[in-house]
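Report on the structure
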Amino acid sequence: MAKSGLDDVVAAETVLSHVDGEGGHLIIRGFALDELAGHVATEQAIALLLHGFFPDLPDRGTLAAALGAARVAVFAEVETSGAGLAQLDPIESVRALMARLDDGDDLDVALKLIAAPAVFTPAMLRLRKGLAPIAPDAALSHAADTLRMLTGDTPSKERAAALDAYLVIVCDHGLNASTFAARVVASTQAGLASAVLAGLSALKGPLHGGAPGPVLDMFDDIGAPENAERWLDDAVMRGERLMGFGHRVYRVRDPRADALKSALRKLAASGGVDDARVAFAEAVEKAALTVLRRRKPGRSLDVNVDFYTVLLLEALGFSRDAFTCVFAMGRVPGWIAHAREQVLEGRLMRPQSRYVGPMPKQAA
Ligand code: CMC
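Here the residue numbers are simple positions, counted from 1 along each chain's written sequence. Given that this is a predicted model, residues contribute local features only at a pLDDT of at least 70 and side-chain atom pairs are listed and counted only at 80 or more, while totals for whole chains, interfaces and linings are drawn from all residues. Hydrogens and waters are ignored; side-chain quantities use all the structure's heavy atoms.

1. So, the overall build of the protein chain
- A count of helical and extended segments in the protein chain gives 15 helices and three strands.
- A principal-axis box enclosing the C-alpha atoms of the protein chain has dimensions of 65 × 50 × 40 Å.
- Only protein chains enter the accessibility calculation, which uses a 1.4 Å probe. A residue is then buried if its area is under 20% of the maximum for its type, exposed if over 50%, and partly exposed in between. Each of the 364 residues in the protein chain was classed as buried or not, and the buried ones make up 50%.
- Two residues form a contact once any of their heavy atoms are found within 4.5 Å. When contacts within the protein chain are restricted to residue pairs at least 6 apart in sequence, long-range pairs at least 24 apart make up 77% of them.
- Surface exposure of the protein chain reaches about 16,500 Å², of which carbon and sulfur atoms provide 52%.
- Between the averaged position of the 39 positive side-chain charges in the protein chain and that of its 45 negative side-chain charges there is a distance of 6 Å. Note on conventions: DSSP H or I runs of at least 4 residues are helices, E runs of at least 2 residues are strands, and numbering of each starts at the N terminus. A 1.4 Å probe and the Shrake-Rupley method give the accessible areas. Residues count as covered only by the protein chains that appear here. By the counting rule applied here, Lys and Arg register as positive and Asp and Glu as negative, while His and the ends of each chain are not counted. To locate a charge, take NZ of a lysine, CZ of an arginine, CG of an aspartate or CD of a glutamate.

What follows is the structure, encoded as structure tokens:
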């Protein structure tokens, strides 16, 4: 009997990250998530993930400059074909622009793929509003430049730090659906762009990285804290899933949710988040946990990363239909590291299926 959803199937060995679903811990290359989130910049997390997978990987300082140069290089795609794609959903337009980048296995390809969502997402959002895209500034940090390309203003260090924290929190997460997709494609030696596009395509589904936008829709529908429990109970009784809750691996609270809350608190301390919005989200979380315990007893459903993502990305000025693009911005380095690990140490992935259809008549 095949395992539906491949639960508990170990399909790869990795040095990249470990998801401890029972304990609620995430380890990335030997570091607990709390040691990284809020303490290291995106560039450091990228260097950590890519270490050992590219012979010419530069040191952290040079990597930041090389990533800045990659942002400048990929902006050319916006200038040549951005306007025609801007009416698509942001995730579709970003994917279409990323599909125009060269494929291959070298560091230059990798850095352009990492740079791409950071450049394409703000550009697409601005073009859609009738505003001109803003060219990258290679001298800024990856997070600060992304926010500057979105708003036109160099962000405060607190806002850049909040985006850094988010990008680090989501940079890698074991063999989740998108990383698995990326590794399968990498195993055919199709190249890093192909692997990353496979990951992006898997990420956009609402059960994976597509959940944050619908979390915000849920907030809008609930409207006020006193409506939360009734609204959530009705939704569960209609058979709907509460977005931002539940996880295949975590049987306890997703540790990324608390790391995000801590990033939110830091941003709130600088006046960058509406306290009432955080209080509202906390009330919705509390009501959802009550409803899930009542309606799904024994299911260990708790809050996941996507719930508090929405408050952070909303406060940073991203529109809800672009949340998945920002998730991708954080996850591309993880996909690339897994793809390289697969190519260097793995084999072609080729599992079996069990045939359960009819047999030809002569064989019956
Ligand atoms: N709300 C209500 N019920 C739920 C939820 C939820 N969010 N998640 C699972 N359940 C129920 C499900 O209906 C089922 O109940 P029953 O046995 O009565 O039919 C039971 O829990 C087990 O469900 P499952 O389908 O076996 O669970 P799964 O492991 O396949 O689901 C999940 C994992 C993430 C797809 C699911 O929890 C879900 O759909 N969550 C909402 C979407 C979401 O927030 N996704 C982001 C995941 S975290 C970001 C990432 O890393 O991708």
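2. What about the site of the ligand?
- The full set close to the ligand counts 21 residues, and His208, Arg241, Phe245, Arg248 and Arg299 are the nearest of them.
- Residues adjacent in sequence count toward polar contacts only when both atoms are side-chain atoms; beyond that, a polar contact is any pair of N or O atoms within 3.5 Å, and within protein one must be able to donate a hydrogen and the other to accept it. The separation between an oxygen atom of the ligand and a polar side-chain atom of His208 is 2.4 Å.
- The side chain of Lys296 places a nitrogen or oxygen atom 2.9 Å from an oxygen atom of the ligand.
- Here the ligand has 940 Å² of accessible area as a free molecule, and 78% of this is covered by the chains. We define proximity as follows: a residue is near a molecule or strand when any one of its heavy atoms falls within 4 Å of that partner.

3. Observations regarding a positive patch on the surface
- There is a patch of like positive charges on the surface, built from Arg241, Arg251, Lys296 and Arg299.
- Topologically, Arg299 is positioned in the loop between α13 (275–295) and α14 (305–315). In this analysis, a patch consists of residues with relative accessible area above 30% that form no salt bridge, clustered at 9 Å for like charges and at 5 Å for the nonpolar side chains Val, Leu, Ile, Met, Phe, Trp and Tyr. Every case where a carboxyl oxygen of Asp or Glu lies within 4 Å of a side-chain nitrogen of Lys or Arg is listed as a salt bridge.

4. Comments concerning the pattern of salt bridges
- In total, this model carries 25 salt bridges according to the counting rule given.
- Residue Asp7 is joined to Arg248 by a salt bridge in which the shortest nitrogen-to-oxygen separation is 3.0 Å. Note that Asp7 is positioned in the segment before β1 (17–20) and Arg248 in the loop between α11 (228–237) and α12 (255–269), a separation of 241 residues in sequence.
- Residue class for Asp7 comes out partly exposed when judged on its relative accessible area of 30%.

5. Observations concerning the domain arrangement of the protein chain
- Those domain boundaries reflect an automatic or database domain assignment. One can read the domain layout of the protein chain as domain 1 (14–205 + 322–345) and domain 2 (212–315).
- Placing a centre on the C-alpha atoms of domain 1 and another on those of domain 2 gives a separation of 25 Å.
- Every contact between the two is made by 23 residues of domain 1 and, on the other side, 26 residues of domain 2.
- Buried area is calculated as the accessible area (1.4 Å probe) missing from two parts once they are joined, with the contributions of both summed. Carbon and sulfur atoms make up 74% of the area that domain 1 and domain 2 hide from each other, which totals about 1,900 Å².
- Taken as a group, Tyr166, Ile169 and Phe323 account for 32% of the area that domain 1 buries against domain 2, more than any other trio of residues on that side.

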